[in-house]
Amino acid sequence: MHLTSRTTRLGVAVAATAGLLALAACGSDDQPASSTDKVGVSLITKDSTNPFFVAMQKGAKEDAAKNNVELTVASGKADGDEQGQVQAIENAIAQGQKGILITPNGPGVNSAIKKARDAGLYVIALDTPPDPADTVDITFATDNFEAGKLIGQWTAKQLAGKPATIALLDLFNDKVVSVDYNRDQGFLTGLGVDVKDAKKNGDEDKSGKYSGGSYSIVCNEPTQGAEDGGRSAMENCLTKNSNINVVYTINEPAAVGAYNALKAAGKENGVVIVSVDGGCAGVKSVKDGVIGATSQQYPLKMASLGVEAIAKVARGGEKPKTSDGLDFFNTGVALVTDKSADGVASIDTTKGTSLCWG
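Here the structure is a predicted model, which means the values were calculated and not measured.

A.B. asks: Would you mind going over the overall build of the chain in detail, with residue names and values included?
C.D. replies: A count of helices and strands for the chain gives twelve helices and 13 strands. Along the first, second and third principal axes, the C-alpha atoms of the chain reach 65 × 40 × 35 Å. Residue burial in the chain is summarised as follows: out of 358 residues, 55% are buried. For the chain, the share of sequence-separated contacts (at least 6 apart) that also reach a separation of at least 24 residues comes to 70%. Here the chain has roughly 14300 Å² of accessible surface; of this, 49% comes from carbon and sulfur atoms. Looking at charge distribution, the chain has the averaged site of its 35 positive side-chain charges lying 4 Å from that of its 42 negative ones.

Below is the structure:
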């Protein structure tokens, strides 16, 4: 592991977790649960197939046993399925549970979350902060803007002043989700592109200057965070410009799909593909040269800390606090690459493999 300031800060954050997660009584009129009472908690992920959310479920189940929590696992049918999550929230309320952990599929779940909080449930968002942030009691998440910024800074170093012809393979084009714009806009910021409104994808100038030279943005295409979506999005971008040499992707399944489209077109050589997630398959893709660099998240940590937090709140402890300068609790991020760049903190794929999930 490269002993960088970034990874050192991550270590300090981990060491300080116990202090940051001192918890308080929830706003319900119910009496706090005793240490021997089971605490009912629902974990509601975006879907139940993406390795990221499978890892979350694993982390939550492991910590539930340690904290005497009765865990209910639910999800949308697919990333973006808001109604499926709304039904799971309503089920948690009906069952008299103490709290909910949720990776929100979009703003369509906000009113159901408010209903749950009004009923006395403590609600924690994982990975995807809702908009506005105070829709939930607190969010445990990667700093997704920082994750995007790291891969943007790394990309600028790899280009070494060459013109950047960019494909942006996002999550959605029919709804606004914070993880989507934070990663996209973070990437462009790291690259040195003026993003104008950091909460809006696609409003930046389509051509101009990045930190190392000139750039042009060919496309913003949705992928739904899936491999087939990444492939079709990349195919669409190539019809607009076959000379793309930089591909930003919302996650690693989309990155693999993009690579497959480039390879099928005979265009994979000389293209820098970057992503976010840090799952075991994604780290292997970095090692194999499919992805140049990825920003690694820690979903097991998000879920484990979330279960622990709700259990403590339900038993009369203090509420968790946000990280300094942020409106969420930062669970950390590290850039994974085997091509380190001066001035950009990173770990290699050996260390990334030891920390990966899924």
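Let us keep going from here.
A.B. asks: Quick rundown of the packing of helix H4 (residues 82–94) against helix H5 (residues 110–118)? Include the residues and the values.
C.D. replies: Each pair of packed helices gets described by two things: the angle between the helix axes and the distance between those axes. Taken N-terminus to C-terminus, the directions of H4 and H5 make an angle of 10 degrees; their axes are 9 Å apart at the nearest point. As judged from the angle between their axes, H4 and H5 are roughly parallel. Residues Val86, Ile89, Glu90 and Ile93 of H4 touch H5, and the partners they reach there are Ala112, Ile113, Lys115 and Ala116. A class-by-class count of the residues in the contact of H4 with H5 yields six nonpolar, no polar and two charged.

A.B. asks: An account of the environment of glycine 202 is requested, with residue identities and associated values reported.
C.D. replies: Structurally, glycine 202 can be placed in the loop between helix H7 (178–191) and strand S7 (207–209). By relative accessible area, glycine 202 is classed as partly exposed at 28%. Distance in space between the C-alpha atoms of glycine 202 and cysteine 280 is 30 Å, their sequence separation being 78 residues. Apart from residues lying up to four places away in sequence, glycine 202 is in contact with Gln185 and Asn220.

A.B. asks: Which residues make up unusual backbone geometry, and what values go with them?
C.D. replies: In this structure, the amide linkage connecting aspartate 131 to the following residue, proline 132, adopts the cis form with an omega of 5 degrees. You will see that asparagine 68, though not glycine, has its phi angle at about 55 degrees, which is positive. As for its position among the elements, asparagine 68 is in the loop between helix H3 (51–66) and strand S2 (69–75). By relative accessible area, which is 22% here, asparagine 68 ends up partly exposed. Residues other than glycine seldom take positive phi values, yet glutamine 224 does so here, at roughly 60 degrees. Checked against the element boundaries, glutamine 224 lands in the loop between strand S8 (214–222) and helix H8 (227–240).

A.B. asks: Please set out the packing of aromatic side chains residue by residue, giving values where relevant.
C.D. replies: A full pass over the atoms with the stated rule returns four aromatic pairs. Plain terms: the ring middles of phenylalanine 52 and tryptophan 357 are 5.1 Å apart, the flat faces sit at 80 degrees to each other, and that makes the pair edge-to-face. Of this pair, phenylalanine 52 sits in helix H3 while tryptophan 357 is found in the segment after helix H12 (349–355), placing the two residues 305 residues apart along the sequence. By relative accessible area, phenylalanine 52 is classed as buried at 3%. Chaining the aromatic ring pairs together yields one cluster made of Phe52, Phe53 and Trp357.

Reading guide: rules and limits
- Residues numbered from 1 in each chain as written.
- Predicted model: local features only at pLDDT ≥ 70, side-chain atom pairs only at ≥ 80, totals over all residues.
- Heavy atoms only, no water.
- Helix = DSSP H or I, 4+ residues; strand = E, 2+ residues; numbered from the N terminus.
- Buried < 20%, exposed > 50% of the residue type's maximum accessible area, 1.4 Å probe, protein only.
- Contact = heavy atoms within 4.5 Å.
- Areas by Shrake-Rupley, 256 points an atom, 1.4 Å probe, with all protein chains shown as cover.
- Lys, Arg positive; Asp, Glu negative; His and termini not counted.
- Charge placed at Lys NZ, Arg CZ, Asp CG, Glu CD.
- Axes fitted to C-alpha atoms, helices over the stretch in contact; angles between N-to-C directions.
- Parallel < 35°, antiparallel > 145°, perpendicular 65-115°, else oblique.
- Nonpolar A, V, L, I, M, F, W, Y, C, P; charged D, E, K, R; others polar.
- Phe/Tyr/Trp six-rings, centres within 6.5 Å; stacked < 30°, edge-to-face > 60°.

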